[in-house]
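Observations on the three-dimensional arrangement
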Amino acid sequence: MHGRNRIEYEAKVSNADFTKALTKKVINYTALVKACNARKAKKVSDNETLKLTGTVLGINPDYATLWNYRREMIKSDSSPGAVGTWTTESEITNKCLQKNPKSYPSWFHRKWSFLHFVEDSNVQEEIELTTNFLKLDERNFHCWNYRRFLISQSLSVSSLPTDLRALLCSSGFAPQLSSPPPSPPPSSSPEILPLLQSELNFTTHLISSNFSNYSAYHYRSHLLPLILHLQTLGQSPAETYSAKLSQTKEELKLLQSAIFTEPSDQSSWWYYRHLLNSSSPPPSNSITPEKKIYAELLHSTTSPLRELISLEMSEGFTPGSKWALNILHYILETLDALIGMNLGDDADEILDMLILSDEDKKLRYLEIKNEKVRKKTEVLFVFQERGGGGEVFLEVRRGRGEGPKDKYVSWFRIKEGKASRLKFKSWDKENGVRMFETGALQVDAEGAGWISGEGLMELVKRKKTDVERDVVNECLRVWD
Amino acid sequence: MSAFASKFTVETETTKLQQDTEAEVSPFFIKLDGLNDSQLKHLRDVGLVNETGYDVRLLREKHVKYLLTGLGNLSAGYSSLDASRPWIAYWCLHSLDLLDAVDDDLCPRVMSTLKSFQNETGGFGGGPMQLSHGAPTYASCLALLLVAPKCPAAYECIDRPALYKWFLAMKTPTGGFRMHDDGEVDVRGTYTVIAIAALCNLLTPELCENVAEFTVSCQTYEGGFGGEPGNEAHGGYAFCAVAALQILGKLDMCDVEALKGWIARRQMSFEGGFQGRANKLVDGCYSFWQGGAMAVVNAAENGLSGFDSGVEEFIPEVDSSGDGVDVSKVAEATPSAGGLTFDQGLLQRYVLLCGQHVEGGLRDKPSKMRDYYHTCYNLSGLSVSQHVLSEDGVPVVYGDSANVIAPTHACFNIRVDRVKAAQTYFKDKICDHTELIK
């Protein structure tokens with residue numbers, strides 16, 4: 001099963017004494033299960049039976065039925081110490097979790113016992129327990145889960161106002177779902193913010209010792225919005241947004257050290273992207289103050305990124321540079337979309353570097369490049385040879401209107417599927433004549449014509465939408 | 001082949017483990033036509049390479065042999081699975097079914113054993129006298145449904161009304177289902193209930209209320225799904241969530257783009273197999289959890305509903321030489337082959353070269369033991385990547401063309417024809433809440 005090393009196990013199993021001992025264990029186990037079932041059928045409830053179930057569970061922690069039996073026994077007699085106490089239940093779950101730290105029913109039983117024996121269990125000690133289990137396996141989600149449950153206990157989540165409770169629950173700080181004994185009313189109002197902040201510090205500590213601790217990043221992704229919410233209660237949307245950006249700035253600082261130390265580790269980059277994403281301003285048609293400060297923030301991240309890229313690329317293309325390039329491109333695109341900061345050439349240069357540094361995804365980057373151009377490409381006019389001869393003349397606009405016009409608007413002649421660019425010379429607007437190096441295009445109310453050394457070719461106007469995509473692509477291809 | 005893993009500036013536990021894994025896996029990616037004669041002969045002798053070429057082979061006969069032992073007496077080491085006996089039955093039977101090797105004489109045993117795990121109050125436990133639990137219920141029903149086409153009495157082994165009542169008893173107001181009475185609530189509960197309810201025609205509006213909402217609340221910022229709200233994204237739970245949503249017809253309630261990106265990023269660029277979560281190691285079982293999840297997403301994108309498998313009719317022509325497999329028509333597993341948004345060829349390469357144990361059975365990775373669970377999910381992943389959304393129903397196959405196995409249904413993980421048969425059998429049965437709870 002999961003986690004068992006083959007070489008070690010195969011060596012063990014070939015040892016006759018080991019298999020003999022194991023078989024004996026199983027015979028013993030089967031007898032114990034039989035005994036438990038017999039008592040369960042008679043609904044026996046005493047300490048001896050409790051011990052018996054404990055022995056079986058110590059061998060097979062996943063035997064959910066017996067965990068249930070234990071709970072039934074404990075519930076059937078509530079006189080103190082009758083059957084089962086916090087001590088017995090924490091001991092047995094501890095033993096089982098040492099054996100299998102990923103056993104669902106064992107964690108569940110500990111949760112249940114914590115609530116049932118709430119006067120005897122100690123929340124701080126339990127949190128300490130999770131810290132220790134996380135030292136053994138920092139990605140154990142059962143353990144993280146239990147920790148979040150404990151935090152929710154400290155916060156008395158069930159007695160909080162509805163929306164705050166819902167917010168905390170959706171981040172995993174949920175009280176037990178079955179009907180536990182009611183938690184005692186808090187003697188003083190719980191200090192939510194300091195507790196969440198101390199959890200944040202805990203994850204900072206974990207991340208600083210292992211940048212790849214994704215579970216810690218995940219936890220932060222929930223803690224940060226909760227903390228922000230509590231810090232900005234009652235503030236205006238503008239103030240809240242400004243606070244959000246400050247939080248993001250601080251978080252980026254922390255991330256910066258992870259990224260600069262180990263740029264090839266993708267986890268920090270995805271979290272980075274999430275941070276930027278989650279701080280984006282409310283959408284609107286105009287350029288709002290929020291959009292401006294967000295753009296400033298984005299812009300401020302670009303120079304450290306460029307620094308990192310040149311550092312990484314001083315040794316040739318590395319995966320570290322790839323992630324940085326990707327994010328930089330994303331940021332530039334966002335800035336463009338947000339405030340119309342036209343960084344077209346810059347973004348394209350980055351795509352070119354990506355094509356070189358991330359060969360596996362070359363086609364994807366080319367696609368992005370083409371996509372951008374295609375999105376902004378528009379056919380302005382199209383004429384076709386009268387009589388369906390097939391030659392087509394079209395005017396195409398690609399990209400935005402910046403710089404010399406012929407960089408982004410041009411005429412093309414399509415002959416037998418091949419496109420050639422017409423070099424523009426002048427436009428006599430009054431007479432509707434456009435002069436090109438190879439001929440003149442005349443357009444008036446009646447129709448159009450192409451006048452060249454070959455004579456006059458009569459043209460008819462066609463609809464822009466009649467032009468096939470391939471034709472446009474062909475024009476773009478031969479443009480430069 | 002890039003080997004950037006060794007260039008980490010700062011070593012952590014995580015980076016060391018990843019480097020070790022890449023080192024462990026790398027010797028299996030040898031170029032077969034570069035081996036000397038005796039090395040090649042050895043590989044051919046054990047059956048890993050075909051006789052007249054340089055293609056890697058699926059060790060069908062050895063896997064079948066290994067799987068049949070799983071249905072017999074198990075050694076002492078399996079005591080930890082005493083509460084999961086239906087799982088063992090399902091893992092072995094489904095794997096055998098993918099290899100077209102389920103003998104008719106297994107049916108009576110399957111029925112009598114699993115019936116003894118069913119409780120009067122509905123649902124199946126992990127063994128006799130055990131509490132009904134979502135996982136053994138799921139596994140028991142799937143095992144019965146996959147043998148049922150050959151012995152229809154198996155359909156009637158499932159006590160439908162009791163099962164429905166038990167599903168309702170596990171339902172909580174949040175929309176999640178408990179795994180067992182007084183047990184934990186997570187997205188496995190959602191999937192095990194919804195999948196079986198769908199197959200047995202028990203999906204009532206009452207059962208499904210709020211279920212999609214709970215499931216969607218488990219999606220994380222990365223795009224994948226955790227087991228419970230607040231948990232980090234994880235392959236097993238992602239599959240459960242995605243399949244459940246697709247069966248309910250509500251996949252678009254979640255952020256599908258983010259989900260797709262997350263699953264795609266879980267394919268390891270060096271090993272070719274999938275990892276369960278970011279910064280963790282490749283594992284053969286994720287071939288199905290992640291590969292299957294992506295197949296479900298792609299099927300939905302193609303406008304298919306939960307019951308549509310995305311597999312075009314596969315009618316294996318029995319080869320008269322006794323092999324039983326139509327070897328004539330397969331598509332080569334080039335990087336862009338197939339309709340799924342991951343590299344299907346590389347996944348198959350991982351399963352065949354690193355997942356297979358030379359004496360039968362499949363495993364997590366070469367340094368791990370083979371077991372029935374990994375055999376089941378490695379083969380299921382192989383099947384998905386061969387068949388789902390393959391053009392014109394021509395399977396995409398890495399290695400020997402005889403490596404084609406039967407197509408599994410990505411939402412339910414039993415064969416497509418078994419799903420169809422169950423649908424036909426249960427379609428006229430009562431599916432009304434008021435009637436069922438009488």
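Residues numbered from 1 in each chain as written. Chains lettered and ligands numbered in written order. Predicted model: local features only at pLDDT ≥ 70, side-chain atom pairs only at ≥ 80, totals over all residues. Heavy atoms only, no water.

It is worth spelling out the interface of chain A and chain B at this point. Listed per partner, the contact involves 55 residues of chain A and 56 residues of chain B. Between chain A and chain B, a total of about 5,000 Å² is buried, with carbon and sulfur atoms accounting for 54% of that surface. The interface formed by chain A and chain B contains two salt bridges. Here Arg-139 of chain A makes a salt bridge to Glu-232 of chain B, at a shortest N to O gap of 2.9 Å. For the pair chain A and chain B, the number of links is 21 residue pairs in polar contact (both at pLDDT 80 or more). When residues of the side of chain A that touches chain B are traced back to their parent elements, those giving at least two are helix H1 (6-13), helix H2 (16-41), helix H4 (64-76), helix H6 (104-116), helix H8 (141-154), helix H9 (162-170), helix H11 (214-231) and helix H13 (266-278) of chain A. In terms of residues, the side of chain A that touches chain B owes the most to one element, H2 of chain A, which gives seven residues. Taken together, the residues of the side of chain A that touches chain B break down into 20 nonpolar, 24 polar and 11 charged. (Contact = heavy atoms within 4.5 Å. Buried area = accessible area lost by both parts, 1.4 Å probe. Salt bridge = Lys/Arg side-chain N within 4 Å of Asp/Glu carboxyl O. Polar contact = N/O pair within 3.5 Å; in protein donor to acceptor, adjacent residues only side chain to side chain. Helix = DSSP H or I, 4+ residues; strand = E, 2+ residues; numbered from the N terminus. Nonpolar A, V, L, I, M, F, W, Y, C, P; charged D, E, K, R; others polar.)

Residue and element names in this part refer to chain A. The sheet built from nine strands is open, its strands ordered S4-S3-S2-S1-S9-S8-S7-S6-S5 with antiparallel pairing. Each having just a single partner strand, strand S4 (418-422) and strand S5 (424-428) make up the two edges of the open sheet. Averaged over all pairs of adjacent strands, the angle between their axes in this sheet comes to 25°, without regard to strand direction. Looking at chain direction, strand S1 (residues 378-385) and strand S2 (residues 392-397) are connected through six bridges and run antiparallel. Each bridged residue has a counterpart across the sheet, and for Phe-381 the counterpart in S2 is Glu-395. (Pairing = 2+ DSSP bridges. Axes fitted to C-alpha atoms, helices over the stretch in contact; angles between N-to-C directions.)

On the surface, a cluster of negative charge is contributed by Glu-206, Glu-209, Glu-213 and Asp-432 of chain B. With respect to the helices, strands and loops of the structure, Glu-209 of chain B is situated in the loop between helix H9 (205-208) and helix H10 (211-216). (Patch = residues over 30% accessible without salt bridge, like charges linked within 9 Å, V, L, I, M, F, W, Y side chains within 5 Å. Areas by Shrake-Rupley, 256 points an atom, 1.4 Å probe, with all protein chains shown as cover. Lys, Arg positive; Asp, Glu negative; His and termini not counted. Charge placed at Lys NZ, Arg CZ, Asp CG, Glu CD.)

This model, assessed by the stated rule, comprises 42 aromatic pairs over all chains. Here the aromatic rings of Phe-383 of chain A and Trp-411 of chain A are separated by 6.4 Å at their centres, their planes lie at 15°, and the arrangement is stacked. Pair noted here: Phe-383 of chain A is in strand S1 and Trp-411 of chain A is in strand S3 (residues 409-415), with a separation of 28 residues, a long-range link. Each of the two residues, Phe-383 of chain A as well as Trp-411 of chain A, counts as buried. Members of the aromatic cluster, connected to one another through ring pairs, are Trp-87, Tyr-90, Trp-91, Tyr-138, Tyr-191, Phe-239, Phe-288, Trp-289, Tyr-373 and Tyr-377 of chain B. (Phe/Tyr/Trp six-rings, centres within 6.5 Å; stacked < 30°, edge-to-face > 60°. Buried < 20%, exposed > 50% of the residue type's maximum accessible area, 1.4 Å probe, protein only.)

Right, let's talk about the nonpolar core for a bit. Tyr-90, Trp-91, Leu-144, Phe-167, Ile-196, Tyr-377 and Phe-412 of chain B are the most contacted members of the largest nonpolar core, which has 140 residues in total. Not counting chain neighbours up to four residues away, the residues in contact with Phe-167 of chain B comprise Phe-177, Val-193, Ile-196, Ala-197, Leu-202 and Leu-207 of chain B. Counting 76 residues, the second-largest nonpolar core is a separate cluster that includes Trp-112, Val-157, Leu-164 and Ile-192 of chain A. (Core = buried A, V, L, I, M, F, W, Y, C linked by side-chain atoms within 4.5 Å.)

All names here are of chain A. Mapping Ser-106 onto the fold places it in helix H6. In this structure Ser-106 comes out as buried when scored by relative accessible area, which is 0%. A distance of 2.7 Å separates polar atoms of two side chains, one belonging to Ser-106 and the other to Ser-103. Excluding residues that lie within four positions of it along the chain, Ser-106 makes contacts with Pro-61, Trp-67, Thr-93, Cys-96 and Leu-97.

Glancing now at the packing of helix H4 (residues 85-98) of chain B against helix H15 (residues 372-387) of chain B. Residue and element names in this part refer to chain B. Where H4 contacts H15, the two axes come as close as 9 Å, and the packing angle between them is 35°. Where H4 crosses over H15, the handedness of that crossing is left-handed. Along the contact surface, H4 presents Trp-87, Ile-88, Tyr-90, Trp-91, Cys-92, His-94, Ser-95 and Leu-98, while H15 presents Tyr-372, Tyr-373, Thr-375, Cys-376, Tyr-377, Leu-379, Ser-380 and Ser-383. Among the residues making up the contact of H4 with H15, the classes are represented as 11 nonpolar, five polar and no charged. (Left-handed = near helix turned anticlockwise from the far one by under 90°.)

The figure often quoted for interface size is the accessible area lost as the parts come together. Under the domain assignment used here, chain A contains domain 1 (1-121) and domain 2 (373-479). Each of domain 1 of chain A and domain 2 of chain A has a C-alpha centre, and the two are 81 Å apart. (Domains from an automatic or database assignment.)

With that settled, consider H4 of chain A. Residue and element names in this part refer to chain A. Under the 1.5 Å per step criterion, the end-to-end length of H4 is 18 Å for 13 residues, consistent within 8% with the ideal 18 Å. In terms of residue burial, H4 counts as a mostly covered element, since 10 of its 13 residues are buried. Listed in full, the buried residues belonging to H4 are Ala-64, Thr-65, Leu-66, Trp-67, Asn-68, Tyr-69, Arg-70, Arg-71, Met-73 and Ile-74. Along its buried surface, H4 packs onto H2, helix H3 (47-59), helix H5 (86-99) and H6. (Expected span 1.5 Å × (residues − 1).)

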